[in-house]
Amino acid sequence: MRRALPAALLLALTGCATGPSLENRGEVTAPPGDSHHLTIGSAGFTESDLLAQLYAQLLNRAGYKTSMITVANRELYEPALESGQIDVVPEYAATLADWLNAKTHGADAAPVGSPDLDATMRALRRLATPRGLTVLPPGRAVDQNAFAVRADYAREHRLKSLSDLGASGLKVRLAAGDECVQRPYCEPGLKKVYGIDITGVDPKGVGTTQAKRAVQAGRDQMVLTTTTDATLDQFGLVLLADDKHLQNADYVVPVVNRSRAGGEGVTKALGTLGDVLTTADLASMNQQVDSWRRLPADVARTYLTDKGLLN
């Protein structure tokens, strides 16, 4: 069952947090809980809905009863996770690490997410644990920033990676968000790490239809999108490999409220998904929902059955 929680109600709930007090944060000693009715949170976009459905169906198979809540704002759902109003959410390692770091140390705190997955996970767990949260092991799937060019452009210039593009000396106009000119993973990083000659940023957004059409038409040469973008084929685009690891380690990680869902049963059930789910699998499922108009619950069920996880 899915229900959207009104923002006012969620704010009221998160105001009555049951997680560790400020004085005791950093010293979480209570044993992990194992509630048999768990609330799964989704951030309200396709991929988050799919991951939440995958989690719910695996937990149902493991004997848990589940319900679902959609809360599109991390500023609301993360405190609800701390308080136990939400028990499990799909998250992204580097993004959540930086978000918790800013929440803990202030908006000007130096980022702790990085391309190094192990370092990112250590930082994330260090920040999450005092808040009563447990970050389960990351799987194989990663949804991080990525750059795509036209397939015929890649063939013509023999481009398979961003390093190839830098070495080619080609001038590149980049379709991206307007913040790209300042973000280290975008224009500055492409220039510094790969030596790509970025002549300008066309502010059409990250992975938007308008941005992809600009590259398809040749007005721009490259677009900023994500590794799980399911629509690239429709525009004749292909990703270039981030072979020098400019992007942060945004691997998919389940995050749980320790006092309610920190037990071995949840960890084991969700761990089976992390072992098999790949970035390509996520992109395929996104496509089935966004392009084929299938329901996330049905797509998730078919995937888990095909992988032998619901048998």
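The preceding data block contains the structure.
Scoring rules and cut-offs
Residues numbered from 1 in each chain as written. Predicted model: local features only at pLDDT ≥ 70, side-chain atom pairs only at ≥ 80, totals over all residues. Heavy atoms only, no water. Disulfide = S-S within 2.5 Å. Buried < 20%, exposed > 50% of the residue type's maximum accessible area, 1.4 Å probe, protein only. Core = buried A, V, L, I, M, F, W, Y, C linked by side-chain atoms within 4.5 Å. Helix = DSSP H or I, 4+ residues; strand = E, 2+ residues; numbered from the N terminus. Contact = heavy atoms within 4.5 Å. Salt bridge = Lys/Arg side-chain N within 4 Å of Asp/Glu carboxyl O.

1. Things to note about the state of the cysteines
With the rule as written, the count across this model stands at one disulfide. Through a disulfide, Cys180 is tied to Cys186; the S-S separation comes to 1.9 Å. The S-S bond linking Cys180 to Cys186 shows a torsion near -85°; that makes this disulfide left-handed. Cys186 matches Cys180 in its accessibility class, with the two residues each being buried.

2. Remarks on the nonpolar core
Membership of the largest hydrophobic core comes to 32 residues, with the highest contact counts inside it found for Ile40, Leu54, Leu59, Val266, Leu273, Leu277 and Met285. For this core, the secondary-structure elements that each account for two or more residues are β2 (37–42), α2 (46–61), β4 (88–92), β11 (252–257), α11 (264–274), α12 (279–290) and α13 (296–306). If you tally residues by element for this core, the top one is α2, at eight residues. Non-local contacts of Leu59, meaning those with residues more than four positions away in its chain, are made with Leu38, Ile40, Tyr64, Thr66, Val266, Ala269 and Leu270. One finds Val172, Tyr185, Leu190 and Leu240 within the second-largest nonpolar core, a separate group that totals 23 residues.

3. Description of the pattern of salt bridges
The tally for this structure, following the rule as stated, stands at 13 salt bridges. The salt bridge involving Asp220 is made with Arg173; its shortest N-O contact spans 2.8 Å. One end of the pair, Asp220, is in the loop between α9 (209–216) and β9 (222–226); the other, Arg173, is in strand β7 (residues 171–176), and 47 residues separate them in sequence. Residue Asp220 is classed as buried on the basis of its relative accessible area, which comes to 1%. Owing to a relative accessible area of 34%, Arg173 belongs among the partly exposed residues under this scheme. With a shortest N-O distance of 2.8 Å, Asp202 and Lys204 are connected by a salt bridge. Among the residues examined, Lys204 registers a relative accessible area of 30% and is labelled partly exposed. A single salt-bridge network, built from bridges that share partners, covers Glu78, Glu82, Lys103 and Arg131.

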